[in-house]
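Below are the chains, spelled out letter by letter.
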Amino acid sequence: MEGSMASRPPSGYQIRKVHPKLGELQRYTLNKPLTFRCSRCQRTTMSSSVVTIGGDWSRLLCGRCYGGPVGSGKSAAPKAKAAGTSARAQPETHQPASPLPRDMVWLAALHRSVAERKELSPSEQELYRRRAGEPASIAAIRYAEGLLEIEVRIAELTGGRAAETLSRTRDELALRRVEASESFRASRRHVRGEHASADSRPESLPTQVVRDVAGSTFDAALAQVLRRRGLRLVELDPPATDIWAWLRLNEKPVAPEVPAEVKRLRKLSQTDFTREAVADVNRWQHDEALAHPAVAEQWAACADEILAETERAYRSLQADPSGGRGKEVATRLRRAGEAHARASARCLEAQLMVEDLQVQAIRIHRARGIPKLRSDCLAEATRAVRKGDSDLARQVDRAIEEHRRGCPQRRDCEGRAGCVSSIAEAVRFRLAAVELPATEPLAPNARPVEGAPSTQLARCGHVRSAFICPDLLKQVSTDLARVVGVVDLAYRGEGRFAFAWVTEYGELGTGAEHAINEHDAWLQATTRGVLDLGGDLSNVHIACRDERAASVVRYVVDARLVPEALGFPVSQRTRDLLAALVARSVNGLFDLPVGGRQLSPLAATGFSPTAAR
């Protein structure tokens, strides 16, 4: 609006009413709000009531500098300066027609003035300070930033000199918006973290594992527990959706009934709500129902679609400004840009409001003692599942004990998803139906292992239904305290392997581990089989298909130490298992027969694949 004298309103604006002239000041009512900068206070405002100075439309006064609320009919030109201070002390009395809530328009003007290093009146400073950090104030920064973006673009198209100055102010507002948004979100994250630590009632490790493994069985048990207590599953956690409705039901005093139009908007699909929101930001008067807090979640859910729609129209005009002539282009660009600025501000405000609603819900949820109730219900459901499936309970306890022995975070397994999934995988593997080694002959390893003996051993001629080759079984003493087992595994070639051992009495054990190579996997599986079967027995005999693994186990038990070099790379987990094996042998739990060709305790002396069925 600045520059040479203009004798008529900007293009696209029409005068609806001419008010009585007061000296050189002439007040007009336009057909729609006009965004302009006051020639006296240099503040940006938006209003359909404007005042020209000496008939010059490039010199306009805002309602405050005109001398009180515009439209009062009591102000005069001589009083304009004197009344300016009192008018600015009561900014809430200014009621321009606006496509945004009135306070957001005022806050946007204040944020721009601050970014331009302009002095605020005491009342404006108080308003600016009091509303700082609120969703509406942060969104107002985005609105002011969007309006400046339009001015920058128009200045570039018209060759104005103010583009650089406007760009600096726009960038300053963008930085302030980012800082304010991050500060708001950080404070909410802090509150959520405080309440999470204050609850300090995480699910126990057995409960998490049972939930993971049992699945629908656990869900059914939990449903029964909740029915007995008269609860619903959704009541155990803070609401994730429709938070406003949840708060309305749980807050006291109860909030008043929402208008019918708000209820209608809450029932709309995302597509229909997007259509309503886009139409609203393109209107010159905002819809009070769409500004209601009850629809903040709808705004946030549809934010991407709303912004994409308004930005598409704005960017298309930016990319092709030749679609019109002169002022017509600027008018169309301003209209599309203002719609996009309004959409950006409304969506940002809604997103921040939803985060605030979530924090309120968490506070109420904790104040009602729901975390403790949730923990009690889950524990009761876990007990019911364990009581109905003793095998599951036994395997869960065993897997947890084994995991804690080897996990560096053994004291914090409850809070680590990786620990829970690893334990649950081991339990599922052990509970799964597996094919016993005696049902099919074990084929030779098709892939040659580097460093393994190349001698081909003769196939056993005995029947396949035998647990182990009878000739090999004769090497084992008939001590009543003995136990003979066969171990086998499936190595996936990616560090993961699953193993199983079975005894002559039909006992079965399974597990899943990590290994560096296939020899390492065999060494782990054999050692695990020995430790699982050891107990108080003095003779434990394990047959495996890997001669190198068998020889390592035999050497470690004989020497009662774990050497640094084992002939092939091994993992730390393997070394820990071998150390546990040495500890048991030192305590005298194993009696080692003499003779290199014997099936020595703890490991086989290199049985052929066909011998260890």
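Numbering of residues starts from 1 in every chain and runs along the sequence as written. Reporting in this predicted model follows two pLDDT cut-offs: at least 70 for local features of residues, and 80 or more for side-chain atom pairs to be given and counted; totals over whole chains, interfaces and linings ignore these cut-offs and use all residues. With hydrogens and water stripped out, all remaining heavy atoms of the structure feed into the side-chain values.

Q: What's the story with the packing of aromatic side chains in this structure? I'm lost.
A: The description of an aromatic ring pair rests on the distance of the ring centres and on the angle between the ring planes. We call Phe, Tyr and Trp rings a pair once their centres come within 6.5 Å, taking the six-membered ring for Trp, and we label the pair stacked below 30 degrees between planes, edge-to-face above 60, and tilted otherwise. Applying the stated criterion to the full structure yields 3 aromatic pairs. Aromatic pair phenylalanine 273 and tryptophan 299: ring centres 5.9 Å apart, planes at 90 degrees, arrangement edge-to-face. Of this pair, phenylalanine 273 sits in helix α11 (residues 270-281) while tryptophan 299 sits in helix α12 (residues 296-301), and the two are 26 residues apart along the sequence. When the ring of phenylalanine 497 is compared with that of phenylalanine 499, the centres are 6.2 Å apart and the planes differ by 35 degrees; the resulting orientation is tilted. Accessibility classification places phenylalanine 497 together with phenylalanine 499 in one group, the buried group. Criterion for a charge above a ring: Lys NZ or Arg CZ within 6 Å of the ring centre, and within 35 degrees of the ring normal. The side chain of arginine 188 reaches across the aromatic face of phenylalanine 184, ending 3.9 Å from its centre. Counting from the N terminus, the helices are the DSSP runs of H or I reaching at least four residues and the strands are the DSSP runs of E reaching at least two. Burial classes follow relative accessibility: with a 1.4 Å probe on protein chains only, a residue under 20% of its type's maximum area counts as buried, one over 50% as exposed, and anything between as partly exposed.

Q: I'm lost on the nonpolar core in this one. Help?
A: If you look at soluble globular proteins, the nonpolar side chains tend to sit buried side by side. Nine residue types can take part in a nonpolar core, namely buried Ala, Val, Leu, Ile, Met, Phe, Trp, Tyr and Cys, and a core is a set of them joined through side-chain atoms within 4.5 Å. With 30 residues, the main nonpolar core has Val487, Leu489, Phe497 and Leu523 as its most contacted residues. For this core, the elements supplying multiple residues, two or more each, are β5 (482-491), β6 (496-503), α19 (518-534), β8 (539-543), α20 (547-559) and α21 (572-586). Examining the composition of this core, we find that 7 residues originate from one element, α19, more than from any other. With near-sequence residues (within four places) excluded, phenylalanine 497 lies in contact with Leu489, Ala490, Tyr491, Gly511, Ala512, Glu513, His514, Ala515, Ala521, Gln524 and Ala525. For this analysis, residues touch if any pair of their heavy atoms sits within 4.5 Å.

Q: Help me out: how do you make sense of the sheet that holds strand β3 (residues 44-53) in this one?
A: Adjacent strands of a sheet form backbone hydrogen bonds with each other and so pair up, either parallel or antiparallel. Strands pair, by our definition, only if DSSP identifies at least two bridges between them. Read from one edge of the open sheet, 4 strands run β1-β2-β3-β4, paired in antiparallel fashion. The open sheet has two edge strands, β1 (15-18) and β4 (56-61), and neither has a second partner. Averaged over neighbouring strand pairs, the angle between their axes works out to 40 degrees when direction is ignored. Judged from the 3 bridges that link them, β3 and β4 form a sheet pairing that is antiparallel. Residue pairing in the sheet places valine 51 in a bridge with leucine 61 of β4. For helices, the fitted line uses only the C-alpha atoms of the stretch in contact; every axis is such a line through C-alpha atoms, and the angle between N-to-C directions lies from 0 to 180 degrees.

Q: Looking at this model, I keep getting lost on empty space enclosed by the protein. Mind explaining?
A: One water molecule sets the probe size; rolling that probe over the atoms shows where empty space is left. Put plainly, a pocket is an open set of points on a 1 Å grid over the protein atoms alone with protein on both sides within 12 Å along at least five of seven lines, a cavity is a set where a 1.4 Å probe fits but cannot get out, and a lining residue has an atom within 4 Å of a point. Grid points are joined across faces, edges and corners, and a volume is the space filled by probe spheres set on the points. All chains considered together, the criterion is met by 3 cavities of 30 Å³ or more. Every residue lining the largest cavity is listed: Thr35, Thr44, Thr45, Met46, Val105, Ala108, Ala109, Arg112, Tyr143, Ala144 and Leu147. Those elements giving two or more residues to the lining of the largest cavity turn out to be β3, α3 (102-115) and α5 (135-158). Note on residue categories: nonpolar means Ala, Val, Leu, Ile, Met, Phe, Trp, Tyr, Cys or Pro, charged means Asp, Glu, Lys or Arg, and polar means any other residue, Gly included. Across the lining of the largest cavity, the residue classes tally to 7 nonpolar, 3 polar and 1 charged.

Q: Please clarify how α11 should be interpreted in this entry.
A: Residues lying three or four places apart along an α-helix face the same way, a consequence of the helix completing one turn every 3.6 residues. The end-to-end C-alpha separation of α11 is 16 Å, in line with the 16 Å expected for 12 residues at 1.5 Å each. Taken together, the buried positions of α11 are Phe273, Thr274, Ala277, Val278, Asp280 and Val281. The arc enclosing the buried residues of α11, seen along the axis, measures out at 155 degrees, which places them on a common side. Across α11 from its buried face, at more than 90 degrees, point the exposed residues Thr271 and Arg275. Helix span, expected: 1.5 Å multiplied by one less than the number of residues in the helix. As used here, the arc is the angular range of directions from the helix axis to the C-beta atoms.

Q: Sorry, what's going on with the environment of leucine 581 here?
A: Checked against the element boundaries, leucine 581 lands in helix α21. Judged by its relative accessible area of 0%, leucine 581 is buried. Taking the C-alpha atoms as reference points, leucine 581 and valine 530, 51 residues apart in sequence, are found 8.0 Å from one another. In contact with leucine 581, other than residues within four places in its own chain, are Thr527, Val530, Leu531, Val553 and Val557.

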